[in-house]
Amino acid sequence: MASMPSLVSAFLPAGSLARHEQPSLCADELLLRPWARYDATAVVAAYSDPAIQQWHAKTMTVKEACDWIAHWAQRWADETGAGWAIAAGGAVVGQISVRRIRLDEGGVEFSYWMLPAGRGHAVASRALTTVTAWLFETVGIHRAELAHSTRNTASCRVAVKANFSLEGTKRQEALHTDGWHDMHLHARINTLVEGHATT
């Protein structure tokens, strides 16, 4: 089907993300950096962790982890996604990714997981706050959102700590290994964008 002309101009033009080299970002003692091939062992460990499997419903071999790592560079170039390893003291303790990017609508959607060493230290909320700030201030993204199972109270705390407001519940929106889950939708709006009052 041929695309129809839009009556609304794209909020951000193509190239708004890819014209930047993917940055490494600091959040206190945390380093958020692009994934490297040598991180494959940490990725395999993550997707073997029962708590991560519960919410992400995936497992990976070393080869699959290498492919997963490699795909992030292409997604950055294509402006369809972005992924960062979260490191503390040189060791990977988690990840944060932009699983969807819609430059024409000025929107992104986040996902994250933490290895056991990264839990209980506000790692995820600090990473989420840091990447969101970069996307708002440098790229000019208008809206950032994330969704998590209503049963995942830890993820809900992460979103709230990072100032992502709860907007509602999407009923039976995600299929997990134990059946359908309702999902909480959280979001932040970029108040730095022209036309929005700062808070």
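These figures come from a predicted structure and were not determined experimentally.

### Details of the nonpolar core
Part 1: Grouped together as the largest cluster of nonpolar side chains are 35 residues, with contacts concentrated most on Leu32, Trp84, Ile86, Ile96, Phe110, Leu128 and Leu135.
Part 2: Counting only elements with at least two residues in this core, the list comes to β1 (25-27), β2 (30-34), β3 (82-88), β4 (91-102), β5 (107-114), α4 (123-139), β6 (143-149) and α5 (153-161).
Part 3: Broken down by element, the residue count for this core peaks at nine residues, all from α4.
Part 4: Counting residues in hydrophobic clusters, the runner-up holds 18 residues, among them Val43, Met60, Trp68 and Val92.

### Considerations on the pattern of salt bridges
Part 1: Taken as a whole and assessed by the stated rule, the structure comprises 12 salt bridges.
Part 2: One salt bridge connects aspartate 49 with arginine 119, and the closest N-O pair in it is separated by 2.7 Å. You can see aspartate 49 sitting in the loop between α1 (40-46) and α2 (50-56) and its partner arginine 119 sitting in the loop between β5 and α4, a full 70 residues away along the chain.
Part 3: Salt bridges here are not isolated pairs; linked through shared partners, they connect Asp28, Glu29 and Arg126.

### Section: the pairing of strand β8 (residues 179-189)
Put simply, side chains in a regular strand alternate between the two faces of the sheet.
Part 1: By the bridge criterion, seven bridges tie β6 to β8 in an arrangement that is antiparallel. Looking at the pairing, glutamate 145 lines up with alanine 187 of β8.
Part 2: Here strand β7 (residues 165-176) folds back onto β8 in antiparallel fashion, the turn holding two residues.

### Looking at the packing of aromatic side chains
Part 1: Counted by the stated rule, this structure contains eight aromatic pairs.
Part 2: Residues tryptophan 68 and tryptophan 72 carry aromatic rings whose centres are separated by 5.7 Å and whose planes lie at 85° to one another, so their mutual orientation is edge-to-face. With a gap of four residues between them, tryptophan 68 and tryptophan 72 both fall in helix α3 (residues 62-78), about one helical turn apart. With respect to class, tryptophan 68 is no different from tryptophan 72; both count as buried.
Part 3: Between the aromatic rings of tryptophan 76 and tryptophan 84, the centroid separation amounts to 6.1 Å while the plane-to-plane angle is 85°, which identifies the pairing as edge-to-face. Pair check on accessibility: tryptophan 76 and tryptophan 84 agree, each one buried.
Part 4: Chaining the aromatic ring pairs together yields one cluster made of Trp35, Tyr47, Trp68, Trp72 and Trp113.

### Here's the deal with empty space enclosed by the protein
Part 1: Considering all chains together, one arrives at one cavity of 30 Å³ or more under this definition.
Part 2: In terms of lining, the largest cavity is formed by Leu17, Val98, Ile101, Leu103, Val108, Leu135, Val139 and Ile141.
Part 3: For the lining of the largest cavity, the elements supplying multiple residues, two or more each, are β4 and α4.
Part 4: Class assignment of the residues belonging to the lining of the largest cavity gives a composition of eight nonpolar, no polar and no charged.

### Re the sheet that holds β7
Part 1: Spatially, β1-β2-β3-β4-β5-β6-β8-β7 is the arrangement adopted by the eight strands of the open sheet, whose pairing is mixed. Looking at which strands have only one partner, the edges of the open sheet turn out to be β1 and β7. Across the sheet, the axes of successive neighbouring strands diverge by a mean angle of 30°, strand direction being ignored.
Part 2: As paired elements, β5 and β6 share four bridges and run parallel to each other. From the neighbouring strand, glycine 107 faces β6, where its bridge partner is arginine 143.
Part 3: Those strands touched by α3 are β3, β4 and β5, and its axis lies near 40° from that of β4.
Part 4: Against the sheet, α5 contacts β5, β6 and β8, and its axis sits at roughly 10° relative to β8.

### With respect to the confidence of the model for the protein chain
Part 1: Looking at the protein chain as a whole, its pLDDT mean stands at 93, while 95% of the residues score no less than 70.
Part 2: Taken together, the stretch residues 195-199 has pLDDT below 50 and engages in eight contacts with residues farther than four places along the chain or on a different chain.

### Some remarks on α3
It helps to recall that an α-helix has 3.6 residues per turn; residues three or four apart then point in one direction.
Part 1: Taking 1.5 Å per residue as the helical rise, α3 with its 17 residues ought to reach 24 Å, and the 25 Å between its terminal C-alpha atoms agrees with that figure.
Part 2: Summarising the contacts, the buried residues of α3 are in contact with α1, β3, β4, β5 and α4.
Part 3: In the segment just after α3, glutamate 79 is the residue with positive phi, at about 60°.

Definitions and cut-offs
- Residues numbered from 1 in each chain as written.
- Predicted model: local features only at pLDDT ≥ 70, side-chain atom pairs only at ≥ 80, totals over all residues.
- Heavy atoms only, no water.
- Core = buried A, V, L, I, M, F, W, Y, C linked by side-chain atoms within 4.5 Å.
- Buried < 20%, exposed > 50% of the residue type's maximum accessible area, 1.4 Å probe, protein only.
- Helix = DSSP H or I, 4+ residues; strand = E, 2+ residues; numbered from the N terminus.
- Salt bridge = Lys/Arg side-chain N within 4 Å of Asp/Glu carboxyl O.
- Pairing = 2+ DSSP bridges.
- Phe/Tyr/Trp six-rings, centres within 6.5 Å; stacked < 30°, edge-to-face > 60°.
- 1 Å grid on protein atoms, 1.4 Å probe; cavity = no way out; pocket = protein on both sides within 12 Å on 5 of 7 lines; lining within 4 Å.
- Points joined across faces, edges and corners; volume = space filled by probe spheres on them.
- Nonpolar A, V, L, I, M, F, W, Y, C, P; charged D, E, K, R; others polar.
- Axes fitted to C-alpha atoms, helices over the stretch in contact; angles between N-to-C directions.
- Contact = heavy atoms within 4.5 Å.
- pLDDT = per-residue confidence, 0-100.
- Expected span 1.5 Å × (residues − 1).

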